[in-house]
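Understanding the architecture of this molecule
Read off the chains here:
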Protein chains: 4
Amino acid sequence: MLAAYDPNDSVGILDSYFPEASFFTEFERFDRHLEKLKRQGNPIHYLSICSPNYLHDAHIRFGLRNGANVICEKPLVLNPWNAEALMENEAETGNKVFTILQLRLHPELVQLKNKLQHTGTKHQVELTYITARGQWYYTSWKAEMPKSGGIATNIGIHFFDLLLWLFGPLQSMEVHQHTHDRAAGYLELQHAQVRWFMSINADTLPENHKKAQKRTFRSITIAGQEIEFSDGFADLHTKSYEAVLQGAGFGIATVLPAIEMVHQIRTAIPKLESDQQHPFVQLPQSPHPFQ
Amino acid sequence: MLAAYDPNDSVGILDSYFPEASFFTEFERFDRHLEKLKRQGNPIHYLSICSPNYLHDAHIRFGLRNGANVICEKPLVLNPWNAEALMENEAETGNKVFTILQLRLHPELVQLKNKLQHTGTKHQVELTYITARGQWYYTSWKAEMPKSGGIATNIGIHFFDLLLWLFGPLQSMEVHQHTHDRAAGYLELQHAQVRWFMSINADTLPENHKKAQKRTFRSITIAGQEIEFSDGFADLHTKSYEAVLQGAGFGIATVLPAIEMVHQIRTAIPKLESDQQHPFVQLPQSPHPFQ
Amino acid sequence: MLAAYDPNDSVGILDSYFPEASFFTEFERFDRHLEKLKRQGNPIHYLSICSPNYLHDAHIRFGLRNGANVICEKPLVLNPWNAEALMENEAETGNKVFTILQLRLHPELVQLKNKLQHTGTKHQVELTYITARGQWYYTSWKAEMPKSGGIATNIGIHFFDLLLWLFGPLQSMEVHQHTHDRAAGYLELQHAQVRWFMSINADTLPENHKKAQKRTFRSITIAGQEIEFSDGFADLHTKSYEAVLQGAGFGIATVLPAIEMVHQIRTAIPKLESDQQHPFVQLPQSPHPFQ
Amino acid sequence: MLAAYDPNDSVGILDSYFPEASFFTEFERFDRHLEKLKRQGNPIHYLSICSPNYLHDAHIRFGLRNGANVICEKPLVLNPWNAEALMENEAETGNKVFTILQLRLHPELVQLKNKLQHTGTKHQVELTYITARGQWYYTSWKAEMPKSGGIATNIGIHFFDLLLWLFGPLQSMEVHQHTHDRAAGYLELQHAQVRWFMSINADTLPENHKKAQKRTFRSITIAGQEIEFSDGFADLHTKSYEAVLQGAGFGIATVLPAIEMVHQIRTAIPKLESDQQHPFVQLPQSPHPFQ
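What you are looking at is a predicted structure, and each value in this text was computed from that prediction instead of being measured. (Residues numbered from 1 in each chain as written. Chains lettered and ligands numbered in written order. Predicted model: local features only at pLDDT ≥ 70, side-chain atom pairs only at ≥ 80, totals over all residues.)

Looking at the overall build of chain A
Each helix and strand in chain A was counted, giving ten helices and eleven strands. For chain A, the C-alpha radius of gyration of 20 Å lies close to 19 Å, the compact-globule estimate for 291 residues. If one aligns the C-alpha atoms of chain A with their principal axes, the spans along those axes are about 65 × 45 × 35 Å. Here chain A holds 291 residues, and the buried ones make up 40% of them. (Helix = DSSP H or I, 4+ residues; strand = E, 2+ residues; numbered from the N terminus. Rg over C-alpha atoms; globule rule 2.2 N^0.38 Å. Buried ≥ 20, exposed ≤ 12 C-beta atoms within 10 Å, placed from the backbone.)

Considerations on the pairing of strand 9 (residues 192-199) of chain A
Residues and elements named next belong to chain A. In terms of burial, strand 9 is a largely internal element, six of the eight residues being buried. Relative to strand 9, strand 6 (residues 123-131) runs parallel, the two sharing eight bridges. Across the sheet, residue Thr128 finds its bridge partner in strand 9, namely Phe197. Bridge count for strand 8 (residues 182-189) against strand 9 is eight bridges, and the pairing is antiparallel. Looking at the pairing, Tyr186 lines up with Arg195 of strand 9. Connecting the antiparallel pair strand 8 and strand 9 is a turn made up of two residues. (Pairing = 2+ DSSP bridges.)

Observations regarding the environment of Ala248(C)
All names here are of chain C. Position of Ala248 relative to the elements: it lies in the loop between helix 8 (236-245) and helix 9 (252-267). Judged by C-beta crowding, with 11 C-beta atoms within 10 Å, Ala248 ranks as exposed. For the pair Ala248 and Phe98, spaced 150 residues apart in sequence, the C-alpha to C-alpha distance is 9.5 Å.

Observations concerning the relation of the copies chain B and chain C
One copy of the chain maps onto the other through a rotation about an axis plus a displacement along that axis. When chain B is fitted onto chain C, the two copies agree to an RMSD of 0.0 Å after a turn of 180° and an axial shift of 0.0 Å. Taken together, these values place the two copies in the relation of a two-fold axis. Of the C-alpha atoms belonging to chain B, the one lying closest to the rotation axis is found on Arg65(B), 3.6 Å away. Mapped onto chain C, 100% of the interface residues of chain B are again interface residues, and the two copies thus contact each other with one and the same surface. (Least-squares fit on C-alpha atoms with pLDDT ≥ 70 in both. Contact = placed C-beta atoms within 7 Å.)

Quick word on the interface of chain A and chain B
If you look at the interface, chain A gives 22 residues, while chain B gives 22 residues. Grouping the constituent residues of the side of chain A that touches chain B by class yields ten nonpolar, eight polar and four charged. (Nonpolar A, V, L, I, M, F, W, Y, C, P; charged D, E, K, R; others polar.)

Overview of the sheet that holds strand 7 (residues 170-178) of chain C
Residues and elements named next belong to chain C. The six strands are arranged 7-8-9-6-10-11 in an open sheet whose pairing can be described as mixed. Across the chains shown, the open sheet's two edge strands, defined by having one partner strand only, are strand 7 and strand 11 (225-227). Between one strand axis and the next, the sheet turns by 20° as a mean value, whatever way the strands run. Note that strand 6 (residues 123-131) and strand 10 (residues 216-222) share seven bridges and pair antiparallel. Residue pairing for strand 10: Thr131 is matched across the bridge by Thr216. The strands touched by helix 6 (residues 150-167) are strand 6, strand 7, strand 8 (182-189) and strand 9 (192-199); relative to strand 8, the strand with the most contacts, the crossing angle is about 20°. Seen against the sheet, helix 9 touches strand 7 and strand 8 and runs at an angle of roughly 45° to strand 7. (Axes fitted to C-alpha atoms, helices over the stretch in contact; angles between N-to-C directions.)

Section: the arrangement of the chains
One thing to see here is that chain A and chain C don't touch, and their nearest C-alpha atoms sit 9 Å from each other. Across all C-alpha pairs, the smallest distance from chain B to chain D is 9 Å, and the two are not in contact.

A short note on the domain arrangement of chain A
Often, the extent of an interface is quoted as the loss of accessible area on bringing the components together. All names here are of chain A. The domain architecture assigned to chain A consists of domain 1 (3-99) and domain 2 (103-230 + 252-282). Each of domain 1 and domain 2 was reduced to a C-alpha centroid, and the two centroids are 29 Å apart. Contacts between domain 1 and domain 2 engage 15 residues on the former and 16 residues on the latter. Among the secondary structure elements, those contributing two or more residues to the side of domain 1 that touches domain 2 are helix 3 (80-93) and strand 5 (97-99). In terms of residues, the side of domain 1 that touches domain 2 owes the most to one element, helix 3, which gives four residues. (Domains from an automatic or database assignment.)

Focus on unusual backbone geometry
All names here are of chain B. Here Lys74 and Pro75 are connected by a cis peptide whose omega angle stands at -20°. Within the secondary structure, Pro75 sits in the loop between strand 4 (69-72) and helix 3 (80-93). A positive phi is found at Gln213, a non-glycine position, where the angle reads about 60°. On the neighbour-count criterion, Gln213 (8 C-beta atoms within 10 Å) is exposed.

What about the interface of chain B and chain C?
Of the residues lining the interface, 13 residues belong to chain B; the matching set on chain C comes to 13 residues. Among the secondary structure elements, those contributing two or more residues to the side of chain B that touches chain C are helix 1 (27-39) and helix 2 (56-65) of chain B. By residue number, the principal contributor to the side of chain B that touches chain C is helix 1 of chain B, which donates six residues.

Regarding helix 9 of chain C
A rise of 1.5 Å per residue sets the reference length of helix 9 of chain C, with its 16 residues, at 22 Å; its end C-alpha atoms lie 22 Å apart and thus fit the reference within 8%. Listing the buried residues of helix 9 of chain C in full gives Ile252(C), Val255(C), Ala258(C), Ile259(C), Met261(C), Val262(C), His263(C) and Ile265(C). (Expected span 1.5 Å × (residues − 1).)

With respect to the packing of helix 7 (residues 157-167) of chain A against helix 10 (residues 252-267) of chain A
Residues and elements named next belong to chain A. It is the contact of helix 7 with helix 10, at a shortest axis distance of 9 Å, that shows an interaxial angle of 120°. Here helix 7 is positioned oblique relative to helix 10, judged by the angle of their axes. Between helix 7 and helix 10 lies a crossing whose hand is right-handed. Residues Ile157, Phe160, Asp161 and Leu164 of helix 7 form the contact with helix 10, whose own contacting residues are Val255, Pro257, Ala258, Met261 and Val262. Split into classes, the residues belonging to the contact of helix 7 with helix 10 amount to eight nonpolar, no polar and one charged. (Parallel < 35°, antiparallel > 145°, perpendicular 65-115°, else oblique. Left-handed = near helix turned anticlockwise from the far one by under 90°.)

Remarks on the relation of the copies chain A and chain B
Screw-axis analysis of chain A against chain B gives a translation of 0.0 Å along the axis, an RMSD of 0.0 Å, and a rotation angle of 180°. Interface residue correspondence from chain A to chain B reaches 100%, placing this contact among same-surface, isologous pairings.

Structural notes on the packing of helix 3 (residues 80-93) of chain C against helix 9 of chain C
All names here are of chain C. Contact pair helix 3 / helix 9: the axes reach a minimum separation of 8 Å and the direction vectors enclose 160°. Relative to helix 9, the element helix 3 is oriented roughly antiparallel. For the pair helix 3 and helix 9, the contacting residues are Pro80, Ala83, Leu86 and Met87 in the first and Ile252, Leu256, Ile259, Glu260 and His263 in the second. Considered class by class, the residues forming the contact of helix 3 with helix 9 number seven nonpolar, one polar and one charged.

Considerations on the sheet that holds strand 5 (residues 97-99) of chain B
Residues and elements named next belong to chain B. Sheet architecture is open: three strands sit in the order 3-4-5, paired in parallel fashion. Since the sheet does not close on itself, it has two edges, and those belong to strand 3 (46-49) and strand 5, each with one partner. For this sheet, the mean angle separating the axes of adjacent strands, direction not counted, is 20°.

Next up, the structure:
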């Protein structure tokens, strides 16, 4: 790594990986440094972005205009039109944008995709993803809908992309819940009917998980049968970066349908009564801890 | 932990320790929350401070005035008069301030102190402390003298306190170097003559350390004999906190001589020629990476 | 003025009034300076607060605990419980809090109050207050309900206090509108029935005002008769400060009913159908410019 | 004005000039808005920059890359290499950078330039510029050398450009003083020998100015004769902007010699003894108010 920028300077962790990286707390000085590297014939080739979601597209443009390809953490952007604007910026600059869709590299899920038989009948799928977060979450930028996109966008984008990849394009949807700590809904995809539930509230964890003090629960069932993919996450992130460097990264067009989907979920008016609810929709609600 | 405040909200690490802690990014909302806890009969008992050094005294006052005892990371404050003002604030509020002097709890060093014989002849001591930091250090608040106090204060305060504890009060001093990446000098203590050198520049590490890719070097020799204390650091921080809770913490008066010493080092005009130099003073200088 | 604190340092205007005032951009350094003044026997006597509304109570506490009386711009606080907590802080510290209720000092309105005859029949009052703001308002803290309290609180508090002062305590209310750019409702006071409308949107100005390029419209009618008070505002602010210094300032208890009123307006669910609407409720709505 | 960006949102002044301007407190959202305007066929044509000096070049690049010409307040940049980099950015983007050199438009000074006869003998020039600033200056970014460039750069750039314009290129220089509140030196120009003094400390004002409570003193003497140019400043700024819009703005190459000059002044080691001192160098020194 040549250079890093973070408005916050508590970055001692850099010592363990890139002690020689230049570091800046102001984007202006970072910009000046990148210009200097370019003029010295030593330009950056990739800019990797890990900032609050709503800043992604501006940071990506910053990289493209500085002559770099860009790797951006999920979700790439919050709205479809942001992604379309970035495609134009790619064309203007000749540089490329890549995103991280690590579940598409998970061995068990790759195997599942290869094994799935799509017939006339749709698969019945239930997706549950609970990853408990502490109280801090609710006062961080992640709790602000315009900044993070909310639970479904911030926590769920990987899973919505996975569903589209496995079961084909979206035909229709319902949203049943979308609060500060959880979201749930129903998706009619080309080859599946999906009931989904996502949450950051530890109270929504299954009882046996709570007893075992586990704070994450991931489950996909197809026709009532559990897909096992608890393991195998360790090196997916590394694999994702390797794929980009080898020219096999996922670009804007690939992730666009998932961005359209979470945008639609975010702006939908929840339907309180429905036959298509995920069973966890019945769990008791929790008040917002700081309101 | 009941509540935490950090202007920066990238605090996901809280999930691993205190998921139930309230969290705030503005001191004003934190203040309001502490007031509320107090009114509800559930006040905080201890406020633990880990902020940029130059803010310590204001943050300590904040805690004292909110009815809490305060535990503050090193250095407690930058200047002796800041410490004296805090003593008055203790008296005004009836609450206490504690600091962390973990080396005084290190088993090997406790043993050394017990073993040391102070006779008419002063011990000849050489102290070397190198802990390499990456380029980020030079653009962080730690590199700004008015904020961190500089190398000797920020990196060295523990060792200067140790020396005073082992060898008695300061009689006179010289400073030989004090730059962006290193400091060196000579101390005449009641029972020792100390040549010291501290650095955050990896180039100053001994060759065998560089080869072994070690980035920290701590050495104290007395009469040419190495004091071995590489291990035993792991739980000193926990022990320090336990001591405070058991009423055996180190207060302002205890740490004041070390604060006086680093203040004196900070404001001294380096003496370029001296017979009392630590041998590493001869190492080649490095330019500031961002100037 | 001895000292000032503003996180933003574009304060060249100080040169025209208080070139000798010390100035700080961090509350911690401001706190240290106030402590120093106190220790030097030259303490501040009054702290004047003009910060975003939701920070007022913490800033007031800061002043009280530093040994100063506090003068705080309107609205004193956002919620009644914040005001009650401050009363306890007054008791704890022995210092006082004052707020600015400048309309109570306006000569025409003082005269009106003296002239008003309260009989068994309630006065029919219509209050209209439009003060146009540019697009910047909607991206500033003033547009965030948790920070400013919204239109009725931020723009209206002076007028609600005026109504209570003129016509006695609140008996019941309705809210008819409360959006990003306007608020409207109905108040049943002891001696009046009030239809009110407030707005920051220039489109809601009366046509003759728009033509004359006037951007502010203030109107109070009692039984259809206009109370004239367009002039006489120039020195009310100065008078308010003078009153505080002469021991005739308005304290927390005085402003509490108005704070209770705006809190109630803020949390009310707007009633879309009502016979008690202010006529401007029928004006066409405008979308939020940045959503 | 279409849009504005300021990290600080206390911009109510916009209401008096551009109530319809969009406003942003984050550069990322500003960037997104400019992109959107461009895509809508309504791009900005000029970006006007008025930010802390050390950010100018990054902000200029931001404008150039967004397809706009840029007008930047003085000093354009702090160092000659920043200006040279910007010339390359102009070439890359096809957009232009303009700066404000308002003294070159001052009627009296234009007349002076036309009248001046350059013979073999150099003019003897004395330049004095004192503009008193309050204590706030010393805690603002303007007091930080790496951010403002210091007194000579931040206060003096207009006058150094004027001198170069009137008397031709720099041949040699001395710097006699350069502290937190004043700077002084000697310039050997092609057609003049200049003794200069600049200050923000009110104590350095001539006695009659102090008595008259004037806080600014500007004086240029040639061969002991005062050039009168106290008036005529009022509309120079407007004229400067008009000139840019009419294609007669001052570009990077024009201002480069003045930037080279202030850079040289900034990095010079003051010469304490010299025969070429401005008389005000003898005034008593003042300590830094916050150190």
